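Descriptive analysis of the structure
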Amino acid sequence: MLSKNAHQFSQRSAFTSTEGAESVLLPCIYGGIIPEEDPSVVWTRNDGNLNVFLLRQGEDDPRGQDQIYRGRTSMSPDALETGDYSLTFRNPQLSDSGNYICSISDGIKALKLTEVQLNVKDVQVEVEVNKEAEFVVLPCKTSANLPKDTTVEWTRSEPEFMFVHMYPNTRKQRTEQDDLYRGRTRMNEELLRTGDLSLTLRFPSDGDIGRYICTVYRDKDVLRQRVVLQQVYPKPPDSEGLPTWATVLLVVVVLLILTGFTGVLYYFRHYFMSVQQVEADSGVESVLLPCRTTVHLPGDARVVWRDRNRDKVHVYENGSDHPEEQNQFYRTRTKMNEDLLRTGDLSLTLKHPTDGDSNIYTCIVSSREGNILMKKVDLRVKVQQRVEADAGLKSVQLPFRTTVHLPENSKVQWSNRYKKVHVYENGSDQPESQSQFYRNRTEMKTDPLKTGDLSLTLKHPTDGDSETYTCSVYNRDGDILLKKQVCLQVKVCQVEVEEGAESVLLPFTTTPELPGDVELEWRYGNYVTVHVYQKLSDLPEKQNQLYTDRTQMNEDLVNAGDISLILRRPTVRDSGRYRCEVYSHKENLLREKTVLLKVK
């Protein structure tokens, strides 16, 4: 038994680790007398009063251990014999930063031995890439000989969340990988053996600049590494030590002297051009990207407009446009002045702009001698109409009414950035053409082409439907007649309950008669599995132990369309973000919803 006079001789120390590291060691060495009866070593976190680890009778005791530390902490099995009570802390996260206390106890009295301040830093690797490079490697490495069920996700969160690459290359990789990266990413074939999870990105452009996250799911560990891709511009030869503007200016001065000032400034003028900003509202008929010059252009001049991803927006050469060279996204939507080489007006008209057209466009004029002129225009398209809806509504309307006469054979298509939401053609809806995510959830008015009411009704909206929706009207040849955008914002569902209540309902109601092969999963946060339903039955063996015998769903959820979750005996620790995702057996996402639970 510990002496009543045992003094608190605890030591203090501080350690720093990085998020994504495999482990960090919190030291605790004791050379004093160990209690003869029921000795135990306890690690606690004093800023949250959490039980981190308990060693009793030479074995760790998970009872009472806080859920967030379960499976992530360990101690030497002979710690009570050696007096080394140091704690191995696996996969440290930013949220693990805090003060940890190591104590020894005899079951009655505890003696504080040491206090360790752990600081977990968000460390990121910076990678520089030349704009002309054919590829760039984003590094991410861990220990070799990874388990076969290891999965790796490369993602971006700015300017919006995007899946860049996933391993293994499953159906999910092909369906969820962002179009911007499709066909441009590759990982090492021997990555499980080598532990080298680096990503090779081909043909990097301005749109690729930013922060990337490499997430590794290995056994019960989740490792992360951040990589920031930065662009550098190559210096001209013999310019070391001088900034680019100074080097260019020096070259101009020398050439002015050598050539008698003739025409030299003209060839270097693009170095000093600023980016012109143009703003437009989504839904206007067209917007003009200005580019004018007073210099005589040669007859063999070639004019190319490109966006920041280097896709060709418009091509003019030999007196005519070349639509076969432009990107499909811009085809039939661009126009230039017919007599542009004589007038010097190289401006581009972009029809039916949407927020997806917000981009930096570059007009490049070249001849046999090389580039003559370069001009950049920053286009920003704003979505004016916004619709807000509360979670739990039966439906919400995306309005679009027009007085323009539309041909009877017109096609109306509602879509968002990734999916076809609703298609009306040949006098009726075309459900086989829309995404399964919206199947049975959309509706348009009768005879929309005659009445001019092209509004869309979306049933059972959730926060997963928060998107910018575009309605496009096409003629028989595929030309766009009208286009309008509506930004829908559905509020996240919030539920409050008092601790001690028998249960709480996390609501999720959708259209009935879901597919018989439906699979759904409720999760807490991003990774904690709360409830799994597959093949017409619950799968309790797949849920986290924290929720064992505490969850329940409607027995006839497929036919009823009620996929709400009942959580029994809610406590304060249950407060947080819950997300339900519904899939078909082909891994197509059918529904999704977020519920914020607050237990008072």
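Above: the structure in question.
Residues numbered from 1 in each chain as written. Predicted model: local features only at pLDDT ≥ 70, side-chain atom pairs only at ≥ 80, totals over all residues. Heavy atoms only, no water.

**Some points on the packing of aromatic side chains**
Enumeration over the complete set of coordinates arrives at 10 aromatic pairs. Note on Tyr69 and Tyr100: the rings are 6.5 Å apart at their centroids and 85 degrees apart in plane angle, and the pair reads as edge-to-face. A residue pair is termed long-range when its members are at least 10 positions apart, and Tyr69 in the loop between strand S5 (59-60) and strand S6 (73-74) and Tyr100 in strand S8 (residues 98-105) qualify at 31 residues. Each member of the pair Tyr69 and Tyr100 is classed as buried. Look at Tyr330 and Tyr361: their rings are 6.3 Å apart centre to centre, the planes differ by 80 degrees, and that puts the pair in the edge-to-face class. Note that Tyr330 is positioned in the loop between strand S22 (320-321) and strand S23 (334-336) and Tyr361 in strand S25 (residues 359-367), a separation of 31 residues in sequence. Side by side, Tyr330 and Tyr361 carry an identical accessibility label, which is buried. By the ring-pair criterion, three or more aromatic residues cluster together here, those being Tyr69, Phe89 and Tyr100. Above the plane of the ring of Phe329 lies Arg333, whose end atom (NZ or CZ) is 5.0 Å from the centre. One cation-aromatic arrangement involves Lys411 over Tyr474; the distance from NZ or CZ to the ring centre is 6.0 Å. (Phe/Tyr/Trp six-rings, centres within 6.5 Å; stacked < 30°, edge-to-face > 60°. Helix = DSSP H or I, 4+ residues; strand = E, 2+ residues; numbered from the N terminus. Buried < 20%, exposed > 50% of the residue type's maximum accessible area, 1.4 Å probe, protein only. Lys NZ or Arg CZ within 6 Å of the ring centre and 35° of its normal.)

**As for the pattern of salt bridges**
Evaluated as defined, the whole model comprises 25 salt bridges. Linking Glu279 and Lys382 is a salt bridge whose minimum nitrogen-to-oxygen distance equals 3.5 Å. Highlighted residues: Glu279 in strand S18 (residues 276-281) and Lys382 in strand S26 (residues 370-382), separated in sequence by 103 residues. Judged by relative accessible area, which is 42%, Lys382 ranks as partly exposed. Linked through salt bridges whose partners overlap, the residues forming this network are Asp463, Arg523, Arg579, Glu581 and Glu592. (Salt bridge = Lys/Arg side-chain N within 4 Å of Asp/Glu carboxyl O.)

**As for the pairing of strand S34 (residues 467-474)**
Across the 8 residues of S34, 7 count as buried, placing the element largely inside the fold. Looking at chain direction, strand S29 (residues 411-415) and S34 are connected through 5 bridges and run antiparallel. Across the sheet, Trp414 pairs through a bridge with Cys471, a residue of S34. Two strands pair when backbone bridges link them, and S34 and strand S35 (residues 480-490) are joined in this way by 8 bridges, in the antiparallel orientation. (Pairing = 2+ DSSP bridges.)

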